[in-house]
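Residue strings, one per chain:
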Amino acid sequence: MPSARRRLVALTTLLLLAACGGGSGAAKPSPSPTPTPTPSPSPSFDLGALALAFAGSYSGSWMNTTFNTKGTILAVISFDSATQTVTANLTVGGNVLGGPPPPPDTFSGKLGQLGSLGFSGHSPTFGDFTVTSTGPTFVMKAQNIPNARVDHLEADGVLTGTTISGTYKVFLKDGTTADGVFSLAKS
């Protein structure tokens, strides 16, 4: 290809790139400055108000999908704004952990920083337990369950203000597991 023709092809290519905005030699207009908005104060997040909104009675059911057993659940959640304490009274019916329905249980904990809630304790039904929550999700772990067949239990779920739902897994002492689900609605 003669050099004059190569220069013409190169010049044409450069003009096409510049016209399409792809050439590095094309001058680009600088953007107009965007006014900086005045920052507004951060809204305060009232964890107590959120906990109070979740307070109430929830009823529903649980189902062990491995052994096809099921029962009822009643959870009454309250919030003491003076002490920032959340309390859940839990009544579970049916063949719970392979045994008869246990007596009602009470779980209680204080609100923490940044939307967290965590507490631990001992339950006659669930043994040594911890419950942790960040926002609407929660995790419960129960160890040392006073049951000849059950080693421990893990559950996780979501509290929406109108429902509580989730899944659980029971770890049996023989090394097997049993899975289940639970779902409650606010009354």
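The structure presented is a predicted model; accordingly, all values stated were derived computationally and were not measured.

What follows is about the overall build of the protein chain. Counting secondary structure elements, the protein chain contains two helices and ten strands. The linear arrangement of helices and strands in the protein chain, starting from the amino end, is α-α-β-β-β-β-β-β-β-β-β-β. Counting over 187 residues, the protein chain shows a buried share of 31%. A fraction of 31% describes how many contacts in the protein chain between residues 6 or more apart in sequence connect residues 24 or more apart. Carbon and sulfur atoms provide 62% of the accessible area of the protein chain, an area that totals close to 11800 Å².

A word on the pattern of salt bridges. Under the definition given, this model contains one salt bridge. A salt bridge links Lys169 to Asp179, with the nearest nitrogen and oxygen atoms 2.7 Å apart. Of this pair, Lys169 sits in strand β9 (residues 163-172) while Asp179 is found in strand β10 (residues 177-186), placing the two residues ten residues apart along the sequence. Looking at Lys169, the relative accessible area reads 28%, which means it is partly exposed. Note on Asp179: relative accessible area 30%, which makes it partly exposed.

Only one face of strand β7 (residues 137-143) is covered, namely the one carrying Phe138, Met140 and Ala142; the face carrying Thr137, Val139, Lys141 and Gln143 has none of its residues buried. Pairing of strand β6 (residues 127-134) with β7 involves seven bridges; the strand directions are antiparallel. Bridge assignment links Thr130 to a residue of β7, and that residue is Lys141. What sits between the antiparallel neighbours β6 and β7 is a turn of two residues, in which Gly135 has the positive phi angle 70 degrees. Of the pairings in the sheet, the one linking β7 to strand β8 (residues 150-159) comprises six bridges and is antiparallel in character.

In this sheet, strand β2 (residues 69-80) lies alongside strand β1 (residues 56-64) in antiparallel orientation, the contact comprising nine bridges. Residue pairing across strands places Gly60 opposite Ile73, the latter belonging to β2. Joining the antiparallel neighbours β1 and β2 is a turn of four residues, in which Asn68 adopts a positive phi near 55 degrees. Pairing geometry for β1 and β10, over seven bridges, is antiparallel.

Turning our eyes to something else, we now look at the nonpolar core. The biggest cluster of nonpolar side chains holds 34 residues, and the ones touching the most others in it are Tyr58, Met140, Leu153, Ile164, Val170 and Phe182. Beyond its immediate chain neighbours, meaning those up to four positions away, Met140 contacts Phe107, Phe126, Phe129, Thr130, Val131, Leu153, Glu154 and Ala155.

Secondary-structure assignment places Thr87 in strand β3 (residues 85-92). Only 3.3 Å separates the side chain of Thr87 from the side chain of Ser108, close enough to count as a polar contact. Excluding residues that lie within four positions of it along the chain, Thr87 makes contacts with Val76, Ile77, Ser78, Thr106, Phe107 and Ser108.

A few words on the confidence of the model for the protein chain. In low-pLDDT segments, the atomic positions of the prediction should not be examined closely. Predicted confidence across the protein chain gives a mean pLDDT of 78, with 73% of residues reaching 70 or more. Here residues 1-29 is modelled with pLDDT under 50, and outside its nearest four sequence neighbours on either side it reaches six contacts, counting other chains as well.

Conventions adopted
Residues numbered from 1 in each chain as written. Predicted model: local features only at pLDDT ≥ 70, side-chain atom pairs only at ≥ 80, totals over all residues. Heavy atoms only, no water. Helix = DSSP H or I, 4+ residues; strand = E, 2+ residues; numbered from the N terminus. Buried < 20%, exposed > 50% of the residue type's maximum accessible area, 1.4 Å probe, protein only. Contact = heavy atoms within 4.5 Å. Areas by Shrake-Rupley, 256 points an atom, 1.4 Å probe, with all protein chains shown as cover. Salt bridge = Lys/Arg side-chain N within 4 Å of Asp/Glu carboxyl O. Pairing = 2+ DSSP bridges. Core = buried A, V, L, I, M, F, W, Y, C linked by side-chain atoms within 4.5 Å. Polar contact = N/O pair within 3.5 Å; in protein donor to acceptor, adjacent residues only side chain to side chain. pLDDT = per-residue confidence, 0-100.

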